[in-house]
Every structure is written in structure tokens, then in C-alpha cells.
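# Reading the structure
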Amino acid sequence: MTLMTSKPTVAVLGPGGIGGLLAALLSRSGHRVICLAREATAHTLRSGGIEVRSRQFGDFTAAVEASTELREPVDACLITVKQTALDTALTRVPPAVLGDALVVPLLNGVEHPATLRARYRPDRVVPGVIRVESTRLAYSGTGPVVIEHGSPFAEIDLAAGTAPRSHVETLAAALSAAGATARVTEDETTALWAKMAFLAPFALLTTRYGAPLGDIRTRHHEELESLVAETAAVSRACGAPVDPAQALARYDAFPADAKSSMQRDAEAGRPLELDAIGGALLRAADRHGVLVPVTARLVRELRAAGH
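Residues numbered from 1 in each chain as written. Predicted model: local features only at pLDDT ≥ 70, side-chain atom pairs only at ≥ 80, totals over all residues. Heavy atoms only, no water.

## Quick word on helix α5 (residues 112-119)
- Of the residues making up α5, those classed as buried are His-112, Pro-113 and Leu-116. Down the axis, α5 shows its buried residues gathered within 100 degrees of arc, on one side only. Opposite the packed face of α5, turned more than 90 degrees from it, sit the exposed residues Ala-114 and Ala-118. (Buried < 20%, exposed > 50% of the residue type's maximum accessible area, 1.4 Å probe, protein only. Helix = DSSP H or I, 4+ residues; strand = E, 2+ residues; numbered from the N terminus. Arc of directions from axis to C-beta.)

Structure follows, in C-alpha cells:
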């Protein structure tokens, strides 16, 4: 097993809104960062770097390395693609090359860790959750990849589980030193469902009504409360207690104009993570016999709309 240094080398699979932000922050703080993406994106990253526009972190441009495939060992690989692109994207990270590096998925949903443990060393998969609003802007054809970070925070929880805790703590410290707020937790079920309890209502309602969070908090508050209660009930059944009041309070910390990534995908005509979020929630509810009528209706309406 390699000893992770205080400046771990990090690969980022999927340098979009989240991956691009973390890659830029880590690069700015002195880490070697290798972004893995399609050739066109990799070329743009190599030539122009990543430009971040952020009220919290300031405006800056960071240089990163970029390739279409991981070709050398790294200390950690952040997986920040959308769930809809996960299977295809993982071909860029050969298990033999990755070796004993930490595999850190920062994906939406609760079902992806099993996919990653089937492909990579199970004891090196460190499921994480990130709370942030960050978007990669459309490429203009010249210049850097541009990331717009809108939330006044970027919070990361890493579930150590069976991974070497010292390695996970070193990565968390590196992310925190780079500007994010990262912490290590023991229970991945609790971490993943705490995120789901916030994300599912936010994503389903903003996408269903095509409205930002401020409108959802006011015009659709009753549905928001119902969704939070349903998600919390499923979470409890899965062994991860969630406080609905605390989940509701989290929405107030987000700007009124905040949009979910699912809503942005819908607006851009991209595939939605509806199955990874709404579908996973319905499957978990069904397994545990929890009634979730509002969730079921919203997922049904979104699917009927062609999503």
C-alpha cells in the first residue's frame, strides 16, 4: 500500500460543475490533478485550464493535466460524472491502473457504491456526498472550461468504511485546505441518505415545475414538506435517521435562484438522473413497505413528460 502524502495526486473523472470546481481548487492549492474526459474536453482543459467564477472562492484560472484515460497510478480518483454517464465513463479508469487508490464517488443517489465495488477494490471505495451548486457553462469554442459556483459553500462528507482511514483523512484535509469543507464519517448509509433527503425533494420539485428553489419554498411549500417527510421515512427504514425539520431548514441556506442539477439538465435537453434519485427512492420505499404517494406522483409526471 502506498503512503498518501499531504499533497495527494488526484484524478477527476468528469470535470463538469462539481469535478471541475474541485479540480481547480486542488490545483490552485498545489496538487497534481489529472482530469479524465472526452478528447475534445481534454484538449480544452490542457490548452485553457479551468476558470472558476465564485463568490466564495473568487475568480481564478487553474492549470490541470487532462487525458481520455487514466494511464498511471494516483492517490485518489474523484468520480463526478452524472449517474446516467457512469458506466461509459468508468472505461476511462482501468482497475489495473487504479490499483489501491481511493475511489471517491460524489454522485447523486444511493445505489452506485455497489457498482463501483464490483469493478474496483471494494475496500478502497469511499462513498462521498457533496452539497454545492456548481455548473459548467457551455463551451464558447475558445479559452478555458468555465465553472460557475453559485452556493456560498461546498461541503463534502467522505464515508471511510473499510478504506484506510489515514488515507481518507489525508484526502479530506487536502480538500479542506483547498477551500471545501470536508469531513470523514463512518456510516455511508447515513451520509448517502442525508444527501438524498435534501436532494430528492429539491430535484423533483424544481424539475417538475421548472422553477428555482425560492419559488418551490413559497408556492409549493406543502409538497416540499410532504416530500421531505416521505424521504425521511424511507431513510429511517434504511437505517439512516433523518430529521425532516433539519432537512427543510437546509433549503433556506441556498439562494432563492438556486436550481437543481436535474432541472438544469432538463432545461438543456440532457438525460436526467430521475432513476438514480426518484427511482432509487421508490425502490427503497417498496423494499421497506413505506408509502410515498407524493414522490410516486412526481416521478410518474416527470416520466410522462418524456424524462
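There is more to say after this.
## Focus on the pairing of strand β3 (residues 50-54)
- Burial along β3 is one-sided: Ile-50, Val-52 and Ser-54 are buried, and none of Glu-51 and Arg-53, which face the opposite way, are.
- One ladder, built from 3 bridges, connects β3 with strand β4 (residues 60-62); its direction is antiparallel. In the sheet register, Val-52 faces β4, and the bridge partner there is Phe-60.
- Joining the antiparallel neighbours β3 and β4 is a turn of 5 residues, in which Gly-58 adopts a positive phi near 85 degrees. (Pairing = 2+ DSSP bridges.)

## Structural notes on the sheet that holds strand β7 (residues 102-105)
- An order of β5-β2-β1-β6-β7 is seen for the 5 strands of this open sheet, with the pairing classed as parallel. The sheet is open, and its two edges are formed by β5 (65-67) and β7, each paired on a single side. The average undirected angle you get between the axes of adjacent strands in this sheet is 20 degrees.
- Strand direction decides the pairing type here: strand β6 (residues 76-79) and β7, joined by 4 bridges, are parallel. (Axes fitted to C-alpha atoms, helices over the stretch in contact; angles between N-to-C directions.)

## Some words on the environment of Arg-46
- By secondary structure assignment, the location of Arg-46 is in helix α2 (residues 39-48).
- Looking at Arg-46, the relative accessible area reads 41%, which means it is partly exposed.
- The spatial distance from the C-alpha of Arg-46 to the C-alpha of Glu-65 is 5.9 Å, given a sequence separation of 19 residues.
- Not counting chain neighbours up to four residues away, the residues in contact with Arg-46 comprise Glu-39, Val-64, Ala-66 and Ser-67.
- Polar side-chain contacts of Arg-46 include one of 2.8 Å to the side chain of Glu-39. (Contact = heavy atoms within 4.5 Å. Polar contact = N/O pair within 3.5 Å; in protein donor to acceptor, adjacent residues only side chain to side chain.)

## Concerning the sheet that holds strand β12 (residues 181-185)
- Taken together, the 3 strands give an open sheet; going across it, the order is β8-β11-β12, and neighbouring strands pair in mixed fashion. Two strands close off the open sheet at either side, each with one partner strand: β8 (128-131) and β12. Sheet twist, expressed as the mean angle between neighbouring strand axes with direction ignored, is 15 degrees.
- Bridge count between strand β11 (residues 155-159) and β12: 5 bridges; the pairing is parallel. Bridge pairing links Ile-156 to Ala-182 in β12.
- Against the sheet, helix α7 (residues 188-209) engages β8, β11 and β12, with an angle of about 30 degrees to β8.

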